[in-house]
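Take a look at the letters that make up each chain.
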Amino acid sequence: MITSFQMKAARALLGIDQRTLADLAGLSLPTIQRMEASVGTVRGVVESLTKVVDALSQAGVELIGDHARSEDGGRGVRLKEPRPPRRN
């Protein structure tokens, strides 16, 4: 549904901190902190995840899933799959 990297990138695009996202989503700050501390896909209560996605969407961020197209135009962010660092 959403990754911790997407949450952090979305906050950066909006210029908001974790507390502001918590307020926008109607969740507690520790809940947002736990979500962002996840590795990869955020796990948690579906209702809480939905609140975060809805809050980000209402604030103007479109979350793009793997291999999904963005239909609305505008600027966006997509992360490539991480690769191991190269050794020389």
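Numbers given to residues run from 1 along each chain, matching the order in which its sequence is written. Residues qualify for local features only when their pLDDT is at least 70, as the model is predicted, and side-chain atom pairs are given and counted only at 80 or more; totals for whole chains, interfaces and linings, by contrast, use all residues. Only hydrogens and water are set aside when side-chain values are computed; all heavy atoms of the structure are taken into account.

S.K.: Give me the UniProt feature "domain: HTH cro/C1-type" (unreviewed entry) in the protein: which residues, what numbers.
M.R.: The feature "domain: HTH cro/C1-type" (unreviewed entry), as given by UniProt, occupies residues 7–36 in the numbering adopted here. End-to-end, the C-alpha atoms of residues 7–36 are 7 Å apart, and along that stretch the chain is 80% helix and 0% strand. UniProt positions are given in the numbering used here, feature names are shortened, and annotations may be inferred rather than shown by experiment. Here a strand is any run of E in DSSP of at least two residues, a helix any run of H or I of at least four, and the numbering for each starts at the N terminus.

S.K.: Provide a residue-level description of the nonpolar core, including the pertinent values.
M.R.: Ile 2, Met 7, Leu 21, Ile 32, Met 35, Val 52 and Leu 56 are the most contacted members of the largest nonpolar core, which has 16 residues in total. Within the residue set of this core, elements represented by two or more residues are helix H1 (4–14), helix H2 (18–25), helix H3 (29–37) and helix H4 (46–58). At 4 residues, the largest contribution of residues to this core is made by H4. Non-local contacts of Ile 2, meaning those with residues more than four positions away in its chain, are made with Met 7, Thr 41, Val 42, Leu 49, Val 52, Val 53, Leu 56 and Leu 63. Here the nonpolar core consists of buried residues drawn from Ala, Val, Leu, Ile, Met, Phe, Trp, Tyr and Cys, with membership extended through side-chain atoms lying within 4.5 Å. Burial classes follow relative accessibility: with a 1.4 Å probe on protein chains only, a residue under 20% of its type's maximum area counts as buried, one over 50% as exposed, and anything between as partly exposed. Two residues form a contact once any of their heavy atoms are found within 4.5 Å.

S.K.: Tell me about the confidence of the model for the protein, residues and numbers included.
M.R.: Averaged over all residues, the pLDDT of the protein equals 85, while 83% of them reach at least 70. Every residue gets a pLDDT, meaning the predictor's confidence in that residue, from 0 to 100. Of all helices and strands in the protein, the one with the weakest mean pLDDT is H1 (91), whereas H2 scores best (97).

S.K.: Hey, could you go over the environment of Gln 18 for me, with residue numbers and the actual values?
M.R.: On the secondary structure map, Gln 18 appears in helix H2. Not counting residues up to four positions away in its chain, the partners in contact with Gln 18 are Arg 11, Leu 29, Ile 32, Gln 33 and Glu 36. Here a polar contact is taken to be a pair of N or O atoms separated by no more than 3.5 Å, where protein atoms must pair a possible hydrogen donor with a possible acceptor and residues adjacent in sequence count only if both atoms sit in side chains. Engagement of the side chain of Gln 18 in a polar contact is seen with the side chain of Glu 36, the distance being 2.8 Å.

S.K.: Any chance you could break down the packing of H2 against H4 for me, citing the residues and the numbers?
M.R.: Two quantities define a packed helix pair, namely the angle between the axes and the distance from one axis to the other. Orientation of H2 relative to H4, taken along the N-to-C sense of each, is 100°, at an axis distance of 8 Å. Considering their axes alone, H2 and H4 lie roughly perpendicular with respect to each other. Taken together, the residues of H4 that come into contact with H2 (itself represented by Leu 21, Leu 24 and Ala 25) are Lys 51, Val 52, Ala 55 and Leu 56. Polar here means any residue other than Ala, Val, Leu, Ile, Met, Phe, Trp, Tyr, Cys and Pro, which are nonpolar, and Asp, Glu, Lys and Arg, which are charged; Gly is therefore polar. Looking at the contact of H2 with H4 residue by residue, the class counts come to 6 nonpolar, no polar and 1 charged. In this analysis, axes come from line fits to C-alpha atoms, helices being fitted only over the stretch in contact, and the angle between any two N-to-C directions falls in the range 0 to 180 degrees. Each angle is binned into one of four classes, with values under 35 degrees roughly parallel, values over 145 roughly antiparallel, values of 65 to 115 roughly perpendicular, and all other values oblique.

S.K.: Would you mind going over the pattern of salt bridges in detail, with residue names and values included?
M.R.: When the charged atoms of two side chains with opposite charge come close together, those side chains can pair. A pairing counts as a salt bridge when a side-chain nitrogen of Lys or Arg comes within 4 Å of a carboxyl oxygen of Asp or Glu. Tallying each qualifying case throughout the model produces 2 salt bridges. In this structure, Arg 11 and Glu 36 form a salt bridge, with 2.6 Å as the shortest nitrogen-oxygen distance. Of the two residues, Arg 11 is situated in helix H1 and Glu 36 in helix H3; the sequence distance between them amounts to 25 residues. When sorted by exposure, Arg 11 lands in the same class as Glu 36, which is buried. Notably, a salt bridge pairs Lys 51 with Glu 47, separated by 3.7 Å at the nearest N-O pair. With Lys 51 and Glu 47 both in helix H4 and 4 residues apart, the pair spans about one turn of that helix. A relative accessible area of 53% means that Glu 47 is categorised as exposed.

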